[in-house]
Every structure is written in structure tokens, then in C-alpha cells.
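In case you want the letters, here they are:
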Amino acid sequence: MMGHRGCRLDVTYPEIAEMQTRAIMEAAIEVAAEKGYNIVPEIMVPLVGEKKELKYVKDIIVATADKVKEEKSSDIRYHVGTMIEIPRAALLADEIAEEAEFFSFGTNDLTQMTFGFSRDDAGKFLDAYYQNKIYESDPFARLDQNGVGKLVQMASKLGRGTRPDLKLGICGEHGGDPSTIDFCQRVGLNYVSCSPFRVPIARLAAAQAALNNK
């Protein structure tokens, strides 16, 4: 799970970033032309842990996207951002925000790497932790606000210190948990994302959080 994936594939195989960027931009331009929608693609680079790593991939994205715009005679706007899912990225968020227009906190992997757990086998021993009151809940279902949450809060503050208009959100099953949504509202995140079946709960929790944290 922590190996050769995400932006690491783009560094070793730049053609993947080119292919995916072209697919995103061509689809957005075509749908905008056919349906009249005002589409602004947000291209997100996953598993970034270093500013230079993001810049390398971003340069490929921008060159490809601008080439597609020229080919299609389009003036469509787009944004490039990153997933914050490695603790190092949270610690260096002020530097990473120099290249990223938005952050999406990948809380599944951020939890995994902060705890040093693997989602593949954590279920084999976590029950004993609940029984012995070491952890009160599954950290993969409810955000650990003391540890992982502190990284989210730190990265949000650092990122907006560099780029005040930085758009922030979380992506993962935590996005459907009411206590996590309340935390996101207090920290100042713009949105949460979760799987479709959790959306009704997330919408209700987001409304309650907005009322409770005026």
C-alpha cells in the first residue's frame, strides 16, 4: 500500500500523467461544448510528500492541459492540487501550497501512515485495543482528532499561510462520520467527500456542524 503508486508512477512513467490529464481535459471540453456546463476540472496529484515531486508532475499536467486547450481552441480553466495523505506532506504543507491550488486530505492513508497500521491486517488486533479501552473507536471509521486531526489542522494553517484562498477538504470514509464532519467545520475545511451511501448522513451532519460552530 505504501509502494510504487500515486505520483510515484508519474515520476517513473510521465506518460501516465500525460494520458490522464489529456483524458480529463478532453472530456471536460467536450461535455462543456455539448451540454453547456461551466466545468472547471480539478486535477489532483496523489501521495505527494515533497514540493519538488509535486512540481515535477504539475509541470507535465500543465503542459499537457495547455496543449489540449490549444488543440481544441478552448479557454477552459482548470486547477491543480494534491492529496495530503503522507505525514511529511502535512508537516511541509506551507511549501507544498506554493505549487498546489487545493488540498484534499486523504484520511484513509494519512491514518494508516500516522498510526503505522496497515488497513489489510489492522482488524486482526484492533478489537483487543477496543476491549482494553486503548482506543475507543475504529480510527479508519472515525477520525483520530488528537493525532491525525492535529496533522490536518497543522497542514490547513500552514497551507493557508502560503495561499490564503487554498481550498481544503477530506476524501475518504471519514467524510461520512458526523464527529469528523464537525471537526472539519471547526478547522475550516471547505468540503468533505465520502462514498454515495453515506452522503445523506454527511449532508445532515454538515448542516448541524455549521449551525453548532457559527
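The sections below set out a description of the structure shown in this document. (Residues numbered from 1 in each chain as written. Predicted model: local features only at pLDDT ≥ 70, side-chain atom pairs only at ≥ 80, totals over all residues. Heavy atoms only, no water.)

## Some thoughts on the sheet that holds strand β1 (residues 42-45)
Phase 1: Read from one edge to the other, the open sheet built from five strands follows the order β1-β2-β3-β4-β5, with strand pairing classed as parallel. What marks the edges here is a single partner per strand, and that holds for β1 and β5 (191-193). Taking each pair of neighbouring strands and ignoring which way they run, the sheet shows an average axis angle of 25°.
Phase 2: With three bridges joining them, strand β2 (residues 79-84) and strand β3 (residues 102-106) adopt parallel strand pairing. (Pairing = 2+ DSSP bridges. Helix = DSSP H or I, 4+ residues; strand = E, 2+ residues; numbered from the N terminus. Axes fitted to C-alpha atoms, helices over the stretch in contact; angles between N-to-C directions.)

## Considerations on the packing of helix α6 (residues 107-115) against helix α8 (residues 148-162)
Phase 1: Relative to each other, α6 and α8 sit at 120°, their axes nearing to 10 Å. Our pair here, α6 against α8, has a crossing hand that is right-handed. Counting all contacts with α6, which are made through Leu-110, Thr-111, Thr-114 and Phe-115, the residues of α8 involved are Val-148, Leu-151 and Val-152.
Phase 2: Its residues assigned to classes, the contact of α6 with α8 shows five nonpolar, two polar and no charged. (Left-handed = near helix turned anticlockwise from the far one by under 90°. Contact = heavy atoms within 4.5 Å. Nonpolar A, V, L, I, M, F, W, Y, C, P; charged D, E, K, R; others polar.)

## With respect to the nonpolar core
Phase 1: Judged by nonpolar contacts, the single largest core of 42 residues is most densely connected at Met-25, Val-45, Ile-96, Phe-103, Phe-105 and Leu-189.
Phase 2: Ranked by residue count, the leading element in this core is helix α3 (residues 51-72), at six residues.
Phase 3: The residues touching Phe-105, leaving out its near neighbours within four places in the chain, are Ile-84, Val-152, Ala-155, Ser-156, Leu-168, Gly-169, Ile-170, Cys-171 and Leu-189. (Core = buried A, V, L, I, M, F, W, Y, C linked by side-chain atoms within 4.5 Å. Buried < 20%, exposed > 50% of the residue type's maximum accessible area, 1.4 Å probe, protein only.)

## Remarks on the packing of aromatic side chains
Phase 1: Following the criterion strictly, the structure yields seven aromatic pairs and no others.
Phase 2: Relative to Phe-105, the ring of Phe-103 has its centre 6.4 Å away and its plane inclined at 80°; by these criteria the two rings are edge-to-face.
Phase 3: Looking at Phe-103, the relative accessible area reads 0%, which means it is buried.
Phase 4: Look at Phe-115 and Tyr-135: their rings are 5.5 Å apart centre to centre, the planes differ by 90°, and that puts the pair in the edge-to-face class. On the criterion of sequence distance, the pair formed by Phe-115 in helix α6 and Tyr-135 in the loop between α7 (126-131) and α8 is long-range, its members being 20 residues apart.
Phase 5: Accessibility expressed as a relative area gives 23% for Phe-115, which makes it partly exposed.
Phase 6: These aromatic residues form a ring-pair network of at least three members: Phe-115, Phe-117, Phe-125, Tyr-129 and Tyr-135. (Phe/Tyr/Trp six-rings, centres within 6.5 Å; stacked < 30°, edge-to-face > 60°.)

## Focus on the pairing of β3
Phase 1: Of all the five residues making up β3, five are buried; the element is thus mostly covered by neighbouring parts of the structure.
Phase 2: By the bridge criterion, five bridges tie β3 to strand β4 (residues 167-171) in an arrangement that is parallel. Paired with Phe-105 across the strands is Ile-170, a residue of β4.

## Concerning α3
Note on helix geometry: an α-helix contains 3.6 residues per turn, so any two residues three or four positions apart are oriented the same way.
Phase 1: Here α3 is 22 residues long and its end C-alpha atoms lie 31 Å apart, about the 32 Å a rise of 1.5 Å per residue gives.
Phase 2: The complete set of buried residues in α3 reads Glu-53, Leu-54, Val-57, Lys-58, Ile-60, Ile-61, Thr-64, Ala-65, Val-68 and Lys-69. Buried positions in α3, seen along its axis, are confined to an arc of 165° and lie on one side of it. Facing away from the buried side of α3, by more than 90 degrees, are the exposed residues Lys-52, Ala-63, Lys-67 and Glu-70.
Phase 3: N-capping of α3 is provided by Glu-50, with a side-chain oxygen placed 3.2 Å from the backbone N of Lys-52. (Expected span 1.5 Å × (residues − 1). Arc of directions from axis to C-beta. Polar contact = N/O pair within 3.5 Å; in protein donor to acceptor, adjacent residues only side chain to side chain.)

## A closer look at the environment of Arg-119
Phase 1: You can see Arg-119 is positioned in the loop between α6 and α7.
Phase 2: Classification of Arg-119 by relative accessible area gives partly exposed; the value is 34%.
Phase 3: When the C-alpha atoms of Arg-119 and Asn-213 are compared, they prove to be 32 Å apart, with 94 residues separating the residues in sequence.

## Here's the deal with the pattern of salt bridges
Phase 1: The final tally for this structure, using the stated rule, is twelve salt bridges.
Phase 2: A salt bridge links Glu-42 to Lys-167; its shortest N-O distance comes to 3.1 Å. Of this pair, Glu-42 sits in strand β1 while Lys-167 sits in strand β4, and the two are 125 residues apart along the sequence.
Phase 3: Among the residues examined, Lys-167 registers a relative accessible area of 33% and is labelled partly exposed. (Salt bridge = Lys/Arg side-chain N within 4 Å of Asp/Glu carboxyl O.)

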